[in-house]
Each structure stands twice: as structure tokens, then as C-alpha cells.
Amino acid sequence: MSNVITVENLGKKYLLKHRSRQDSYVALRDVMSEGAKNMGRRLLGRAVPAGSRADQEDFWALRGVSFEVKQGDRVGIIGRNGAGKSTLLKILSRITEPSTGSVRIRGRVASLLEVGTGFHPELTGRENIFLNGAILGMARAEIRKKFDEIVDFAEVEKFLDTPVKRFSSGMYVRLAFAVAAHLEPEILIVDEVLAVGDAQFQKKCMCKMEDVSAKEGRTILFVSHNMGAVKNLCERVVLLNRGAVEAIGSPADIIQKYMTPEISTSELSFENAFDRTGDKSVSFTSVSYVDEHMRPVQVACTGMAIGIVLDYEVAAHANYSGLSFEVGFYNLSGELIFLCGNSFSGQAFDNLPVKGKMYCWIPSISLAPGLYSLNIYCGYPGQTMDWIQNASHLRVIDADFFETGKTPPNNAGMVWVPHHWEVG
Amino acid sequence: MTEQQEIIIKPGMGALHYWRDLWRYRELFFFLAWRDILVRYKQTAIGVAWSVIRPLATMLVFTVVFGRLAKLPSNGVPYPVMVYAAMLPWQFFANSLAESSNSLIDNANLLTKVYFPRLIVPASAVIVCLVDFSISCVVLAGVMAWYHFVPDLKVLLLPAFLLMALLASFGAGLWLSALNVKYRDFRYVVPFLVQFGLYVSPVGFSSSIVPESWRFFYFLNPVVGVIDGFRWAILGDAFPVNWPGFLLSSVLVLLILAGGVWYFRRMERTFADVA
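Residues numbered from 1 in each chain as written. Chains lettered and ligands numbered in written order. Predicted model: local features only at pLDDT ≥ 70, side-chain atom pairs only at ≥ 80, totals over all residues.

J.: What's the story with the overall build of chain B in this structure? I'm lost.
T.: Looking only at helices and strands, chain B has 11 helices and 1 strand in total. Counting only residues that meet the buried cut, chain B has 43% of its 275 residues in that class. Considering only contacts in chain B between residues 6 or more positions apart, those separated by 24 or more positions represent 83%. (Helix = DSSP H or I, 4+ residues; strand = E, 2+ residues; numbered from the N terminus. Buried ≥ 20, exposed ≤ 12 C-beta atoms within 10 Å, placed from the backbone. Contact = placed C-beta atoms within 7 Å.)

Given below as C-alpha cells:
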């Protein structure tokens with residue numbers, strides 16, 4: 001299998017302008033003559049002398065990116081916001097030029113970087129299919145030939161002659177994807193466009209992409225924040241971080257790596273926390289999270305094991321016994337989802353070390369994806385030693401909890417439970 | 001399957017594939033023009049009529065102001081016909097300039113999301129104006145019939161002058177659209193240029209009234225050659241073309257076009273970053 005895409009040492013630099021901090025007195029005459037000179041230089045595309053660039057900064061959106069893609073591969077590209085994923089796709093789609101490095105591409109590339117590129121709201125569905133197809137590179141004859149298939153995939157037959165501005169957002173996305181899906185490129189690049197659209201549509205798109213790759217041997221580059229979709233569709237995943245390739249490997253490994261921070265910055269200290277009461281005989285110094293292998297994590301996945309680490313300190317030189325520790329998980333509406341406490345989970349601790357960590361192990365956290373806030377408490381019944389509200393926030397994401405590659409709907413409840421169905 | 005040609009993307013590269021891509025994307029020229037025309041007609045009730053009303057109205061005003069009041073000579077040809085024959089290329093040029101200078105900015109969403117040779121965008125703007133031009137031609141035929149004015153065989157040379165008008169507007173359009181992306185000031189320069197040009201070009205008057213000493217500077221206006229040519233082709237020897245001046249204008253048109261293509265291609269790689 002030959003290489004279809006070869007990326008070597010790719011880099012993209014942007015210039016960031018900063019407002020100059022000192023506005024010292026400058027003669028207007030000088031400003032005008034300098035400005036005229038620079039204008040002339042810029043018009044001719046020549047570089048402006050460094051002196052006037054004191055307030056500009058180089059920003060490397062991508063630096064030293066290298067990887068290879070073979071024909072028929074399904075490669076996922078993941079990374080935090082600002083990692084450089086969209087910039088990479090733009091360069092591969094020839095929308096913008098790289099600053100360094102090179103890319104070799106064999107075959108026709110079709111990119112879906114935005115849904116409905118070129119759609120004009122005043123034109124009807126039928127007209128927009130032709131327009132969008134032409135913009136994406138299809139010949140008119142080709143569009144005519146595939147017209148019925150496209151309409152069929154998008155399920156908008158009734159609305160073909162209505163202006164697109166009257167379409168619902170779901171119909172809009174379906175139509176846009178339908179045109180792009182029938183492009184028959186050798187390489188298909190998809191940026192996070194499937195986030196819009198219901199679950200059924202997303203499944204349809206994923207199936208179509210799988211078909212296109214498996215049956216017709218086309219290559220797919222897929223950028224997404226939906227880890228479930230990435231795990232299901234892709235065979236290889238590239239992790240981008242701050243413009244560089246951090247890792248390339250199997251979906252499971254790379255997704256795990258994505259969730260682990262580079263430095264243990266997940267610890268939070270809260271000397272100045274707002275909602276904090278207690279006599280501080282025992283006080284918390286920080287909260288952090290670990291997975292079952294004691295590796296620090298910043299994000300939890302529904303259904304996976306997680307440990308909450310509470311660092312504490314005893315004020316006086318005393319070893320307390322029988323202390324009660326509690327951790328409460330609240331959703332953003334302030335509702336308590338569940339409470340963990342050693343007093344009712346059946347563990348008692350004698351002679352606690354003066355300084356140490358308390359671990360709360362949850363074998364399989366049932367929280368639905370979202371953001372949660374933690375309250376932490378320690379003390380005896382009747383004596384609160386340290387009680388901090390909103391001590392920490394935990395983001396929970398779906399890493400394909402139900403192992404179907406599909407994302408359950410947004411309002412599927414506060415917790416997800418494993419289950420299966422049967423006909424009887 | 002299909003072609004397995006390799007494309008190499010490197011900084012500063014692009015020229016190799018560009019002209020091949022222009023051919024491959026040739027249908028896009030017409031699709032973008034088709035889109036703009038469709039949209040225009042969908043939104044207005046008098047969309048088609050506008051292409052007729054505009055030149056007719058200007059012709060009327062010019063006839064009254066310059067023909068009756070100022071009594072500028074029209075060399076034996078009915079004044080409205082003389083004005084209209086010059087208005088035709090001028091309107092085409094002015095509209096093309098206005099449309100193409102804004103074309104890149106108006107299509108900014110395309111520039112940042114899809115790849116296609118960007119030269120197509122200002123070109124399709126010029127094509128839209130070509131459609132307006134053809135409608136105006138029909139009106140001209142009507143005006144000439146009204147005055148029982150029959151053109152001689154020189155009218156067959158009209159396509160040559162039309163080509164020159166096309167090149168002139170496309171060349172200027174390339175410059176302005178590329179400049180407009182980076183320096184939005186040009187958006188305001190264009191209407192001013194058009195206004196100014198209307199009085200400096202032989203639309204309301206004929207080139208014969210320009211005094212000898214001013215001739216050289218006069219012919220530096222590339223549109224002059226085009227309009228003179230049009231007048232001569234349609235109206236005959238009453239409006240002789242100053243051939244040296246015409247040559248000067250033509251050379252200028254070609255220079256502007258070549259410069260426009262060069263500048264556009266040079267700035268093209270930054271469009272997606274700046275638009």
C-alpha cells in the first residue's frame with residue numbers, strides 16, 4: 001500500500017500584532033513618512049524592516065508535524081482546542097500555505113470543513129446541490145448523475161424547491177453532507193461537522209464514511225472531539241498538542257493519552273476558597289484525580305474507574321481516629337447526584353498520619369458526560385473540621401460507554417447505567 | 001480509479017498546478033456567475049428591468065445636460081445614440097470594477113473553507129456584468145431603431161473591442177480585489193474612481209473635443225481606447241479613432257492585466273489568512 005499523504009516537518013506561522021505599550025511622542029512627519037514607506041513595501045509584498053515590528057509576535061500554529069497516511073486508512077486527529085487540527089486540515093486542503101515543510105498528496109482531496117460551504121440561503125435545495133457540488137469540485141454532469149442519490153441520502157425530496165433559508169438546521173446539515181459524501185474523492189477530510197445533527201444522522205454519516213473507506217478503498221482523515229466516534233471509525237489516531245504531534249497510535253492508547261495531562265496541573269489548592277467552614281483541626285490542601293493505575297487525570301470517562309485524592313493536614317500534632325470524610329458530586333444546577341462517605345461505605349481509619357492523602361475509589365463512575373462540582377468534608381458528627389463547597393470541578397466525558405460508537409442523547413439522565421435489551 | 005497525480009504543497013509553491021486547476025475548475029466560473037444572477041433576480045421584482053433602466057436613465061440625463069444644455073457636438077449622429085454607444089462599454093467597465101473589487105470579500109466564507117483557484121472569483125463577477133451588457137446591447141439596438149440609425153459593417157469589429165473591455169475590467173478587477181482583501185480602504189476608492197472616470201472618459205462627449213496638448217494624458221485612461229473603439233464600430237467614421245492613442249490605451253490595458261495577474265497570484269496565498 002503506497003503512501004497517499006506524506007507530511008514532512010510541516011509548520012505554519014501567524015503574526016500576532018500587539019498594541020504597543022508606550023505611546024511616546026513621535027513626530028507626525030516621521031509617522032507619515034515611515035507609514036508611506038512601509039505601505040509601499042507591503043504593497044509589493046516585501047518584508048517590512050524589523051524596527052517597526054517591535055509589537056508583533058510569531059505564533060506557530062503548527063511546527064514540525066510529520067506523519068504518513070496509506071491508502072484506505074482511516075485516521076483520526078484529536079487534540080485540545082487550539083492544538084492546530086483545523087490549521088492542519090486547511091493546509092492539506094490547500095486553502096492556506098504552509099510556512100515550512102512539505103506535503104505530498106496523491107489523489108483528489110475533498111474537504112468538509114464547514115457544513116454547507118457556499119450554500120446561498122436564497123437559492124432552493126436543488127440549486128444549492130448544484131452550487132455546492134461545483135464548489136467542491138464536481139462537474140455538472142457528475143452532479144446530475146448523482147442527483148437522485150444525493151436527495152435520497154439527505155431525505156429532503158419534499159423540500160427541493162424551497163429556499164434553503166427555510167430549512168431546519170438538521171436538514172441543512174443532511175443536505176450538505178449528502179453532497180460531500182457523493183464526491184468520490186480519493187481522500188476525504190472531515191472536520192468536526194457532524195456535531196450538528198441528530199444521532200440517527202450521525203450514525204448514517206459514520207456508516208457512509210466506513211463504507212467509503214472499506215468498500216471503495218478511500219482514505220479518510222477525521223477530526224472530532226467525540227471520542228466515541230473516533231474510537232469506532234478510526235484505525236489510527238494522531239494526537240496534536242500545541243501545534244506538534246504528541247503521539248500516533250491505536251485509538252484506545254491515544255485517547256487515553258489525550259485525557260492525561262502533561263504535567264500534574266490537575267491539583268487545585270484552595271487557601272482562599274469562598275465557601276469554606278470548619279474549625280480546621282484537619283484541613284484539606286488540595287483535590288486531584290487519578291485513574292486505577294494511579295496516573296493523574298483531569299477528565300473522567302463515564303463508566304471508568306476514578307480515584308479522588310484529597311490531600312489533608314492535621315493542625316495540631318494529633319492522630320485522629322474514626323474521622324468521617326465525604327465527597328459530594330453536584331451538577332451545574334446544584335443538585336446532589338451522589339455522596340461518597342467512609343462512614344457509610346464501611347471504612348474506618350485509626351491513627352491518621354498528620355499529613356497525607358485520602359483516596360476515594362469509585363470503580364465505575366456513572367455520571368453522564370458534563371461538568372460537576374465537588375463538595376468535600378471531614379469531621380465528626382457535630383464537629384465540622386473542614387467543609388469546602390465547589391472545591392473542585394470534574395469534567396466527565398463519554399468514551400463510548402455503550403460501546404456502539406454512537407453518542408446517547410444529551411438528556412439521557414444524570415447517570416448512565418449499563419444495560420441491554422431483549423425481546424421476550 | 002481516477003488520476004494518481006501527485007501534488008506537492010510547499011511554502012511558496014502553487015504555480016505548477018494552478019493553471020491546470022483553473023481548467024479543472026472551469027465550470028465554477030459559470031456556476032458562481034449563475035448563482036449571483038439567480039440571487040439578484042430572486043430578491044427583486046424588477047431585477048431584469050434594472051439592467052435596462054440604468055443605462056437608459058443615464059443616457060436621458062446626459063442627453064439633456066450635455067446635449068441640449070451644454071450643446072456638446074455629436075458629429076451628425078443623434079446625441080442619445082452617441083451617448084448610449086459609449087455608455088455600453090462604460091457601464092460594463094464600471095460595474096465589473098465595482099463587482100469584482102468586492103468579490104473576494106463577499107465570498108470570504110468560500111475562501112477560508114474550500115480550495116479552488118481564486119482567480120475564478122473576480123472572473124465570475126465580470127461574467128455577471130457581461131450578462132448585463134448583453135441586455136444593454138439589445139436596448140441599444142432598440143434606441144438605434146428608434147432613431148432610424150443603421151450601423152455600417154464596422155459593427156462586426158465590436159467583439160474585438162468587447163474583448164479589450166473585458167481585459168481592461170478583469171485586469172483592474174484583479175488589482176482591486178486583491179488589494180481590497182488586505183486594505184479595506186479600497187472599498188471606498190472604487191465608487192470614487194467610477195464617479196471620476198465617468199467625467200474623464202468620453203461618455204458624455206466625444207474624444208475629438210479634447211485639445212491636442214492634453215491628448216497624451218487623456219489616452220492614459222485605458223477605458224478611452226475601448227469607448228472610442230465602440231463608438232467607431234457602432235457609429236462609423238463620424239467618430240474616427242485616434243489610432244496612436246488607441247494603441248497607447250491597449251498597451252496600458254495589457255500591462256494592467258499582466259500586473260493584475262501577477263499581484264493577485266502573489267497575494268493569493270494569504271487570502272485565507274487575511275479575509
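J.: Honestly, the sheet that holds strand 3 (residues 74-79) of chain A in this entry has me stumped. Any pointers?
T.: Note on sheets: strands pair through backbone hydrogen bonds, and any given pair is parallel or antiparallel. Residue and element names in this part refer to chain A. On the basis of which strands lie adjacent, the open sheet formed by 6 strands has the order 5-6-7-3-8-9 and mixed pairing. Each edge of the sheet is formed by a strand with only one pairing partner; in this case those strands are strand 5 (109-112) and strand 9 (244-249). In this sheet, adjacent strand axes meet at a mean angle of 15° when their direction is disregarded. For strand 5 and strand 6 (residues 187-190), the ladder comprises 4 bridges, and the chain directions are parallel. Bridged to Ser-111 within strand 6 is Ile-189. (Pairing = 2+ DSSP bridges. Axes fitted to C-alpha atoms, helices over the stretch in contact; angles between N-to-C directions.)

J.: What's the story with the interface of chain A and chain B in this structure? I'm lost.
T.: Interface extent is often summarised as the accessible area lost during association of the parts. Residue-level contacts link 33 residues of chain A with 28 residues of chain B. Those elements that place two or more of their residues in the side of chain A that touches chain B are helix 2 (85-92), strand 4 (100-106) and helix 3 (125-136) of chain A. Counting residues per element, the side of chain A that touches chain B draws most heavily on strand 4 of chain A, at 6 residues. Classifying every residue of the side of chain A that touches chain B by side-chain character gives 12 nonpolar, 11 polar and 10 charged. The pairing of strand 4 of chain A with strand 1 (residues 6-9) of chain B spans 4 bridges and is classified as antiparallel. Within strand 1 of chain B, the residue paired with Arg104(A) across the bridge is Ile8(B). (Nonpolar A, V, L, I, M, F, W, Y, C, P; charged D, E, K, R; others polar.)

J.: Teacher, can you tell me more about the sheet that holds strand 2 (residues 56-70) of chain A here?
T.: The 4 strands lie next to each other as 2(A)-1(A)-4(A)-1(B), forming an open sheet whose pairing is antiparallel. Looking along the sheet, the strands with just one partner apiece sit at the ends: strand 2 of chain A together with strand 1 of chain B. Direction aside, the axes of adjacent strands within the sheet are offset by 20° on average. Running at roughly 65° to strand 2 of chain A, helix 2 of chain A makes contact with strand 1 (3-17), strand 2 and strand 4 of chain A together with strand 1 of chain B of the sheet.

J.: In this structure, what is going on with the packing of helix 10 (residues 222-235) of chain B against helix 11 (residues 243-274) of chain B? I would like to understand it.
T.: Residues and elements named next belong to chain B. Put simply, helix 10 and helix 11 touch, their axes get as near as 7 Å, and they point 125° apart. Relative to helix 11, the element helix 10 is oriented oblique. Note on packing geometry: the crossing formed by helix 10 with helix 11 is left-handed. Here helix 10 contributes Pro-222, Val-224, Gly-225, Asp-228 and Gly-229 to the contact with helix 11, which in turn contributes Gly-245, Phe-246, Ser-249, Ser-250, Leu-252, Val-253 and Ile-256. (Parallel < 35°, antiparallel > 145°, perpendicular 65-115°, else oblique. Left-handed = near helix turned anticlockwise from the far one by under 90°.)

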